[in-house]
Amino acid sequence: MMGWTDRHCRYLHRLLSRRTLLYTEMLTTGALIHGNAAQHLQFNPEEHPVALQLGGSEPSDLARCAVMGQERGYDEINLNCGCPSERVLRGAFGACLMNEAPLVADCVKAMVDAVDIPVTVKHRIGIDKIESYDFAADFVGTVAEAGCRVFIVHARNAWLKGLSPKENREIPPLRYDIVYRLKREFPHLTIAINGGVRTSDEIAEHLKHVDGVMVGREAYHNPWLMIDWDERFYGEAPGVQDREAVEAAMVAYMERAHAADGAPWYSVASHMLGLRNGLRGARKWRQVWSDHRLKPQPPRAVWALAQTHGVRDADDLAQATAA
Ligand SMILES: Cc1cc2nc3c(=O)[nH]c(=O)nc-3n(C[C@H](O)[C@H](O)[C@H](O)COP(=O)(O)O)c2cc1C
C-alpha cells in the first residue's frame with residue numbers, strides 16, 4: 001500500500017507473522033528505470049517472503065523491472081491492475097488495464113519469460129458499471145494463458161470516473177461471490193481474495209472458498225491482528241509473545257536503521273501506532289510515539305516515555321530538548 005507498506009512497516013509485520021506473504025508499495029516502472037532503483041528496491045532480509053508490486057503497462061519495461069526485483073532478491077513480482085488513482089490512469093496502468101486483458105497478458109508473458117520467480121496479478125472484479133462475472137472471468141482466463149497462476153482479487157469494481165482512490169476502496173460494493181466463483185471455475189489457479197477483511201475469523205471463512213486472503217487496511221491500522229495467523233493458518237507457533245516484545249524489537253530496529261542509512265526513528269514508529277489498539281492507554285501511548293516535539297530524542301528515550309504512557313513526561317522531555 002503506497003505510503004504505508006514500506007520496508008519499516010514490513011519489518012513490523014514480519015515480527016507479527018513469520019509466514020504471511022508481504023507486499024511492497026506499488027513501484028512504477030518509470031520510478032525504477034529513471035529513478036534511484038537501489039533505494040526503491042531496498043528491503044530488510046528479515047522481510048522474506050516479500051513480493052514486489054510493479055505498476056506499468058509496457059511489457060519490456062515491466063520485464064526489465066521484474067529482473068531488477070529478482071536480482072535484488074524479491075520472492076514474487078506482482079502487477080497492479082487494481083489501482084484507480086488519476087495519476088495511475090494518466091500513465092495508463094493500474095485498474096484501467098482491466099479493459100486491456102490482451103495487453104496485461106503481454107506484460108505477464110514478458111515478465112514470466114524474464115524471471116524465475118512467480119509473476120502474479122492483483123486486480124478488481126470489474127471497472128465502472130461492468131458488473132458481469134464474465135468480464136472478470138475473461139480477464140483472468142486471458143492473463144492465465146500468458147503464465148500467471150496467482151490472482152489476488154479485490155472484490156469490488158473500480159469506478160474510474162468520479163471517485164477518489166479512497167472512495168474507490170469503500171463505495172463500490174464488495175462482491176465476494178464473484179471471487180468465489182472464479183476459484184470454482186479456475187480450480188487450477190491460486191485465487192486470493194481482498195477487500196474489507198477485518199478479523200481472523202473472516203479470513204478463515206474466506207479460506208473455505210479461495211486459496212488466500214490479502215488484508216490491507218486492517219493489518220496496517222491494527223497490526224496485532226496478525227499475531228495468531230502463523231498458528232491458525234500455518235500451524236506454527238507465533239514468533240513473539242506480546243506487544244512489549246514487538247515494541248522492544250522495533251526500537252532495536254529503529255536504532256539499526258538509523259545507524260545503517262540515517263532513517264529517522266519516527267519514519268519507523270509511524271507504522272506501529274496501531275499496535276496497542278484496543279488496549280487501555282493506547283491513545284496516550286500513540287501520542288508519545290507520534291509527538292513531533294520528541295523527534296530529536298533517541299528512540300529509547302521515547303520508548304521509555306511511551307511505556308509509562310507519560311504524556312506529561314513527554315512535555316518535560318520536549319521542553320528539555322528545546323532548551
Ligand atoms: C493508503 C493505501 C495505499 C494503497 N496502495 C496500494 C498499492 O500500492 N497497490 C495495491 O495493489 N493496492 C493498494 N491499496 C489497496 C489495498 O491493497 C487493498 O486492495 C484495499 O485497501 C482493499 O483491501 P482492504 O479492505 O483489506 O484494505 C492501497 C490502499 C490504501 C488504503
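Residues numbered from 1 in each chain as written. Predicted model: local features only at pLDDT ≥ 70, side-chain atom pairs only at ≥ 80, totals over all residues.

Caption draft 1: Broad picture of the overall build of the protein. Across its full length, the protein holds 16 helices and seven strands. Its C-alpha atoms put the protein at 65 × 45 × 40 Å along the principal axes. The buried share of the protein, taken over its 323 residues, is 40%. In the protein, once contacts between residues fewer than 6 apart in sequence are set aside, the share between residues at least 24 apart is 67%. (Helix = DSSP H or I, 4+ residues; strand = E, 2+ residues; numbered from the N terminus. Buried ≥ 20, exposed ≤ 12 C-beta atoms within 10 Å, placed from the backbone. Contact = placed C-beta atoms within 7 Å.)

Caption draft 2: A look at the sheet that holds strand β4 (residues 119-124). Read from one edge to the other, the open sheet built from seven strands follows the order β1-β2-β3-β4-β5-β6-β7, with strand pairing classed as parallel. Two strands close off the open sheet at either side, each with one partner strand: β1 (22-28) and β7 (212-214). Across this sheet, the average inter-strand angle for adjacent strands is 25 degrees, counted without regard to direction. As paired strands, β1 and strand β2 (residues 50-55) are joined by five bridges and run parallel to one another. (Pairing = 2+ DSSP bridges. Axes fitted to C-alpha atoms, helices over the stretch in contact; angles between N-to-C directions.)

Caption draft 3: Representation of the UniProt feature "site: Interacts with tRNA" (unreviewed entry) in the protein within the structure. UniProt feature "site: Interacts with tRNA" (unreviewed entry): in the numbering of this structure it lies at N80, K166, R169, R283 and R286. For the annotated residues, spread through 207 residues, the largest C-alpha to C-alpha distance comes to 34.9 Å, inconsistent with a single compact locus. (UniProt positions renumbered as here; feature names shortened; annotations may be inferred.)

Caption draft 4: Examining the packing of helix α12 (residues 243-261) against helix α15 (residues 299-307) more closely. Contact geometry for α12 and α15: axes closest at 9 Å, N-to-C directions at 160 degrees. By the angle between their directions, the pair α12 and α15 is classed as roughly antiparallel. The crossing of α12 and α15 is right-handed. Residue-level inspection shows E247, V251, M254 and E255 of α12 in contact with α15, the latter providing P299, R300 and W303. Residues that form the contact of α12 with α15 fall into these classes: four nonpolar, no polar and three charged. (Parallel < 35°, antiparallel > 145°, perpendicular 65-115°, else oblique. Left-handed = near helix turned anticlockwise from the far one by under 90°. Nonpolar A, V, L, I, M, F, W, Y, C, P; charged D, E, K, R; others polar.)

Caption draft 5: Spatial organisation of the nonpolar core. Counting 88 residues, the largest nonpolar core has V108, M111, V143 and V153 as its most contacted members. Sorting elements by how many residues they give to this core places helix α6 (residues 101-114) first, with seven residues. The residues that make up this core include at least three from each of domain 1 (7-234) and domain 2 (243-322). (Core = buried A, V, L, I, M, F, W, Y, C linked by C-beta atoms within 7 Å. Domains from an automatic or database assignment.)

Caption draft 6: View of the site of the ligand. In the vicinity of the ligand, 21 residues are found, and the nearest of them are M1, M2, M26, G216 and R217. Breaking the shell around the ligand down by element, the ones donating at least two residues are β1 and α10 (217-221). Partitioning the shell around the ligand into residue classes produces seven nonpolar, nine polar and five charged. (Near = placed C-beta within 6 Å.)

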